[in-house]
Amino acid sequence: MYDTGSVPYFPFACRYEEGDWIIRNPLNKQERRINISAYRLLHHCNGSHTWGEIVHELATKYQDSESSIHAQAEPFLSALTKEGMLWWSGQTIAWWPQPPPVFILWNITNRCNLRCLHCAVGSGAPGNDELSLEQCKKFIDDVAAYGVTYLILSGGEPLIRRDFFSIADYAYEKGITFQLATNGTLITKEKARHLASLEACAHVSLDAVNPETHDKFRQSSGAWKRTTEGIRHLVDAGVPVIVGAVVTRMNIHEIPDLYRFSETLGDVTFRILPFIPYGRGKDQQDLEVTPEEMRTLTAPLLEMKKTMKTDLVSMEFECTFGQPLLDRPDPHTHIGCAGAVSYCEVMADGQVFPCSFFDGVKTENIRDIPFPWIWENSRFLNYFRSLTISDIKGSCQKCDWLSLCRGSCIAANFVHGDIFQSNCHCWLVYEQYLKEHASRKPAVPYNRKKNRNTRASARS
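Bear in mind that the values here come from a model prediction, so they are computed numbers and not experimental data.

Quick notes on the rules
- Residues numbered from 1 in each chain as written.
- Predicted model: local features only at pLDDT ≥ 70, side-chain atom pairs only at ≥ 80, totals over all residues.
- Heavy atoms only, no water.
- Helix = DSSP H or I, 4+ residues; strand = E, 2+ residues; numbered from the N terminus.
- Rg over C-alpha atoms; globule rule 2.2 N^0.38 Å.
- Buried < 20%, exposed > 50% of the residue type's maximum accessible area, 1.4 Å probe, protein only.
- Contact = heavy atoms within 4.5 Å.
- Areas by Shrake-Rupley, 256 points an atom, 1.4 Å probe, with all protein chains shown as cover.
- Lys, Arg positive; Asp, Glu negative; His and termini not counted.
- Charge placed at Lys NZ, Arg CZ, Asp CG, Glu CD.
- Salt bridge = Lys/Arg side-chain N within 4 Å of Asp/Glu carboxyl O.
- Pairing = 2+ DSSP bridges.
- 1 Å grid on protein atoms, 1.4 Å probe; cavity = no way out; pocket = protein on both sides within 12 Å on 5 of 7 lines; lining within 4 Å.
- Points joined across faces, edges and corners; volume = space filled by probe spheres on them.
- Nonpolar A, V, L, I, M, F, W, Y, C, P; charged D, E, K, R; others polar.
- Core = buried A, V, L, I, M, F, W, Y, C linked by side-chain atoms within 4.5 Å.
- pLDDT = per-residue confidence, 0-100.
- Axes fitted to C-alpha atoms, helices over the stretch in contact; angles between N-to-C directions.
- Parallel < 35°, antiparallel > 145°, perpendicular 65-115°, else oblique.
- Phe/Tyr/Trp six-rings, centres within 6.5 Å; stacked < 30°, edge-to-face > 60°.
- Lys NZ or Arg CZ within 6 Å of the ring centre and 35° of its normal.

1. Examining the overall build of the protein
Moving on, step 1. Across its full length, the protein holds 15 helices and 14 strands.
Moving on, step 2. Whereas a compact globule of 460 residues would reach a radius of gyration of roughly 23 Å, the protein reaches 23 Å, a difference of no more than 12%.
Moving on, step 3. Overall, the protein is about 75 × 55 × 45 Å in size when its C-alpha atoms are taken along their principal axes.
Moving on, step 4. By the burial criterion, 55% of the 460 residues in the protein qualify as buried.
Moving on, step 5. Nonlocal contacts in the protein, meaning residues at least 24 apart in sequence, comprise 73% of its contacts between residues at least 6 apart.
Moving on, step 6. Summing over all exposed atoms, the protein offers an accessible surface of approximately 20,400 Å²; the carbon and sulfur share of this is 51%.
Moving on, step 7. The positive charge centre, built from 49 side chains, and the negative charge centre, built from 53, are 4 Å apart in the protein.

In structure tokens form, the structure reads like this:
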């Protein structure tokens, strides 16, 4: 039996089809056909009612006992919980006035000239749901009037849009500065100068010193050469550049050398990012490194930072190499990153998420509703704002660094089946797991579910 004080939340969309409702799991692409009773039950699981309140309401409505409602619902809800589709929190959604986001990550297209193995949005081929130029301008008008002054223009590859500079110029005219998130292959001298005139900065993906490694990861011959040339064009034009590398089993051994190589590209900043298997990356889960391997990489990078001219952006769980805060965190402290709190992500089709890893949930679209209303009133965004570190399960609750990391990335946990598990990227959690399971060391990350690629009537 579920705790009557726990709050269930089913955030995913349901569609009606031939007398039944269909729910789709974005983690494994499987679809489940449910009847009207199950649909009504999930409709009540909206994050605003405790399980006890839901059971009482259903028992009253259908003139049944609460124990009977429990018994009928438990197998269904247990299955969804195990699949990572039903989330249980310790408190209901809190709604309060929210200031405008500090910045918005905006995927202006899903089209891309590369087919990167890790891509979280599975970008590549053209879609039919991309915002038009006029819709993009309307969005810029809305956020500028709302007080948003910074955008990250991403994709796909944003420069693949022929009207990219029409969008960028219009944003600049409205007082908005931006960062371009790009693979760098389409950066020419002229484009670099144009970006400099808009006071833009750029985040460029470069994954290896070895061109063959990078080209294999990006699935495009010559990509490394075009990307490094693009970075140099940006630097020469005076555009601030962050060189970012996604850490996988393909390149982890090259990262220190890549950090050194970044100095030869000019005045840039270096950054590493964890690989989270979502989008196209769901089919590449073997590329994900273990937390222990990330710790082995992070330690020497921190030492290199002391003598390198190129700055290194703070890394995930870097705090654990220092001294923990002595004070225990307030249990009402917000969990994880600042997604839905000080920033959010707008997808190419106009949907608004805390970040793109939650593509598949039911949320609002800027085509239909002005962004300021969505930011303040979206149930899904407000649900994320309501999550606290008291919701985290496992060893994180006793960790000395919890005040600093706050459980870190919720999206990574979601992709691995449980948004409230102790963080699946943290080497301290991993270390604790190995102590508790000393008889065998897992060949794959300890709490990561292999998402089968089988599907029932699911689109690819």
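Still to come is the rest of the account.
2. Some remarks on the pattern of salt bridges
Moving on, step 1. Scanning all chains against the criterion turns up 19 salt bridges.
Moving on, step 2. With a closest N to O distance of 3.6 Å, arginine 193 and glutamate 190 form a salt bridge. With a gap of three residues between them, arginine 193 and glutamate 190 both fall in helix H6 (residues 189-197), about one helical turn apart.
Moving on, step 3. The network of salt bridges with common partners includes Arg15, Glu17, Asp20, Glu31 and Arg33.

3. Let's talk about the pairing of strand S2 (residues 14-17)
Moving on, step 1. Relative to strand S3 (residues 20-24), S2 runs antiparallel, the two being bridged by four bridges. Across the sheet, residue tyrosine 16 finds its bridge partner in S3, namely tryptophan 21.
Moving on, step 2. Following S2, the chain reverses through two residues before pairing antiparallel with S3; glutamate 18 in that reversal takes a positive phi of roughly 50 degrees.

4. Considering empty space enclosed by the protein
Moving on, step 1. Per the counting criterion, the structure on display carries four cavities of 30 Å³ or more.
Moving on, step 2. Estimates place the volume of the largest cavity at around 100 Å³.
Moving on, step 3. Looking at the largest cavity, it is lined by 13 residues, and the ones nearest its centre are Pro274, Val289, Met294, Glu316 and His425.
Moving on, step 4. Partitioned by chemical class, the residues of the lining of the largest cavity number eight nonpolar, two polar and three charged.
Moving on, step 5. Computed from the structure, the second largest cavity encloses a volume of approximately 50 Å³.
Moving on, step 6. Surrounding the second largest cavity, Phe317, Cys319, Thr320, Cys396, Cys399, Trp401, Cys405, Cys426 and Leu428 form its lining.
Moving on, step 7. Classifying every residue of the lining of the second largest cavity gives eight nonpolar, one polar and no charged.

5. Observations regarding the nonpolar core
Moving on, step 1. Ranked by internal contacts, the top residues of the largest apolar core, which has 125 residues, are Trp87, Trp106, Phe358 and Phe371.
Moving on, step 2. In terms of residue count, helix H5 (residues 164-173) provides more of this core than any other element does, six residues in total.
Moving on, step 3. If near-sequence neighbours (up to four positions away) are discounted, tryptophan 87 is found in contact with Val7, Pro8, Tyr9, Pro11, Phe12, Phe358, Phe380, Tyr383, Phe384, Phe414, Ile419 and Phe420.
Moving on, step 4. Judged by nonpolar contacts, the second largest core, of six residues, contains Phe217, Val246, Met250 and Phe275.

6. Considerations on the confidence of the model for the protein
Moving on, step 1. Scored by pLDDT, the protein comes out at a mean of 91, with 95% of its residues at no less than 70.
Moving on, step 2. Per-residue pLDDT stays below 50 along residues 447-460; that stretch engages in 36 contacts with residues further than four places along the chain or on separate chains.

7. Notes on the sheet that holds strand S4 (residues 31-34)
Moving on, step 1. The three strands are arranged S2-S3-S4 in an open sheet whose pairing can be described as antiparallel. The sheet terminates laterally at S2 and S4, the two strands that pair on one side only. Adjacent strand axes in the sheet meet at a mean angle of 30 degrees, parallel and antiparallel pairs treated alike.
Moving on, step 2. Helix H1 (residues 36-44) rests against S2, S3 and S4 of the sheet, and its axis sits at about 105 degrees to S4.

8. Some remarks on the environment of arginine 271
Moving on, step 1. With respect to the helices and strands, arginine 271 occurs in strand S11 (residues 268-274).
Moving on, step 2. Exposure remark for arginine 271: the relative accessible area of 31% places this residue in the partly exposed category.
Moving on, step 3. The sequence separation of arginine 271 and asparagine 25 amounts to 246 residues, and the corresponding C-alpha distance is 32 Å.

9. Observations concerning the packing of helix H7 (residues 211-218) against helix H8 (residues 223-237)
Between two packed helices, both the angle of their axes relative to each other and the distance between the axes serve to describe the pair.
Moving on, step 1. Where H7 contacts H8, the axes come no closer than 8 Å and their chain directions differ by 100 degrees. Here H7 is positioned roughly perpendicular relative to H8, judged by the angle of their axes. On the side of H7, the interface is formed by Pro211, His214, Asp215 and Arg218, while H8 contributes Ala223, Trp224 and Thr227.
Moving on, step 2. Its residues assigned to classes, the contact of H7 with H8 comprises three nonpolar, two polar and two charged.

10. Concerning the packing of aromatic side chains
Moving on, step 1. One pass over the full model with this rule turns up 32 aromatic pairs.
Moving on, step 2. Aromatic pair tryptophan 51 and tryptophan 88: ring centres 6.2 Å apart, planes at 80 degrees, arrangement edge-to-face. Note that tryptophan 51 is positioned in helix H2 (residues 51-61) and tryptophan 88 in strand S5 (residues 87-89), a separation of 37 residues in sequence.
Moving on, step 3. The exposure class of tryptophan 51 is buried, given its relative accessible area of 1%.
Moving on, step 4. A connected cluster of aromatic rings, assembled from ring pairs, spans Tyr9, Phe10, Phe12, Trp87, Tyr278, Phe357, Phe358, Phe380, Tyr383, Phe384 and Phe414.
Moving on, step 5. The ring of tyrosine 278 has lysine 282 lying over it, and the distance from NZ or CZ to the ring centre is 5.0 Å.
Moving on, step 6. Note that arginine 385 overlies the ring of tryptophan 375, its terminal NZ or CZ placed 4.5 Å from the centroid.

11. Quick notes on the sheet that holds strand S6 (residues 103-107)
Moving on, step 1. Strand order across the open sheet formed by nine strands is S12-S11-S10-S9-S8-S7-S6-S13-S14, with mixed pairing between neighbours. Of all strands in the sheet, those bounded by a partner on one side alone are strand S12 (311-312) and strand S14 (352-353).

12. Details of unusual backbone geometry
The general pattern is negative phi for most residues beyond glycine and trans for most peptide bonds.
Moving on, step 1. Of the consecutive residues glycine 155 and glycine 156, the connecting peptide bond is found in the cis state with omega at 25 degrees.
Moving on, step 2. For glycine 156, the position within the fold is in the loop between strand S7 (150-154) and H5.
Moving on, step 3. Its identity is not glycine, yet serine 408 carries a phi of approximately 55 degrees, on the positive side.
Moving on, step 4. Tracing the backbone shows serine 408 in the loop between helix H13 (402-405) and helix H14 (410-415).

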